[in-house]
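The residues making up each chain are set out below.
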Amino acid sequence: MSTYATNLAIVTGCYCGAREFVRVSRHSGPDNLVDSAIAGFGTGAILGRLQGGPAGAIRYSIGIAIVGTGVDFAAIKLRPVFKNMYESVVVAGDEKKKGGFKWPEWLPIQVLDEEAQAAKRAREEALRARIRDLTKEES
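Residues numbered from 1 in each chain as written. Predicted model: local features only at pLDDT ≥ 70, side-chain atom pairs only at ≥ 80, totals over all residues. Heavy atoms only, no water.

**Q** Got a minute to help me understand the pattern of salt bridges in this structure?
**A** Pairing is possible between side chains that carry opposite charge, provided their charged atoms lie close to one another. In this structure the tally under the stated criterion is seven salt bridges. Taking the shortest distance from any N to any O, the salt bridge between E20 and R19 comes out at 3.9 Å. Residue classification places E20 among the partly exposed positions, given a relative accessible area of 33%. Its salt-bridge partner being D35, residue R26 comes within 2.4 Å of it at the nearest N-O pair. For R26, a relative accessible area of 39% translates into the label partly exposed. Beyond isolated ion pairs, a larger network of salt bridges with shared partners links R19, E20, R23 and D72. (Salt bridge = Lys/Arg side-chain N within 4 Å of Asp/Glu carboxyl O. Buried < 20%, exposed > 50% of the residue type's maximum accessible area, 1.4 Å probe, protein only.)

**Q** What am I meant to see in the confidence of the model for the protein chain here?
**A** Parts of the model with low pLDDT should not have their predicted coordinates read in detail. A residue-level look at the protein chain finds 89% of positions with pLDDT of 70 or above and a mean pLDDT of 86. Within the protein chain, no element has a lower average pLDDT than helix α3 (residues 95-98), which sits at 52, and none a higher one than helix α1 (residues 2-26), at 92. (pLDDT = per-residue confidence, 0-100. Helix = DSSP H or I, 4+ residues; strand = E, 2+ residues; numbered from the N terminus.)

**Q** Would you mind showing me how to read the packing of α1 against helix α2 (residues 33-89) here?
**A** Helix-helix packing is described using two parameters, namely the angle between the two axes and the distance between the axes. Interaxial distance between α1 and α2 falls to 11 Å at its minimum, and their mutual angle equals 60°. Comparing the axis directions of α1 and α2 gives the class oblique. Residue-level inspection shows V11, C14, Y15, A18, R19, V22, R23 and R26 of α1 in contact with α2, the latter providing V34, D35, S36, I38, A39, G40, T43, L47, I64, G68, T69 and D72. When its residues are assigned to classes, the contact of α1 with α2 shows 10 nonpolar, five polar and five charged. (Axes fitted to C-alpha atoms, helices over the stretch in contact; angles between N-to-C directions. Parallel < 35°, antiparallel > 145°, perpendicular 65-115°, else oblique. Contact = heavy atoms within 4.5 Å. Nonpolar A, V, L, I, M, F, W, Y, C, P; charged D, E, K, R; others polar.)

Okay, structure coming up:
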């Protein structure tokens with residue numbers, strides 16, 4: 001299993017480095033998918049040649065170009081979704097000074113104000129008293 005992880009790390013590192021090299025060389029923006037395709041073909045050709053000879057270079061170059069460009073395309077399309085998710089969690093304005101993080105409504109963990117904390121303490125004390133009464137009755 002560790003060899004798969006090592007190979008994935010090597011391929012990912014080579015692909016990302018090649019993509020950035022191509023982007024800088026072509027003077028293009030970070031969301032240009034042509035850079036991804038070129039980097040995928042180059043990375044696949046080099047790593048495929050080392051792994052499987054000339055036939056491996058062709059297979060690897062096509063495979064890494066397709067997968068790498070697909071991942072980059074998905075990242076571009078999902079960026080607004082993740083940005084909205086991030087903005088829904090981070091609080092702006094005066095509330096940011098209080099902590100800058102807002103718990104989702106559905107999450108059972110909530111920040112309590114002083115009144116809610118006092119009510120919670122009262123409920124806990126009543127529960128402890130009931131438990132003490134039950135243990136006294138049993139003994």
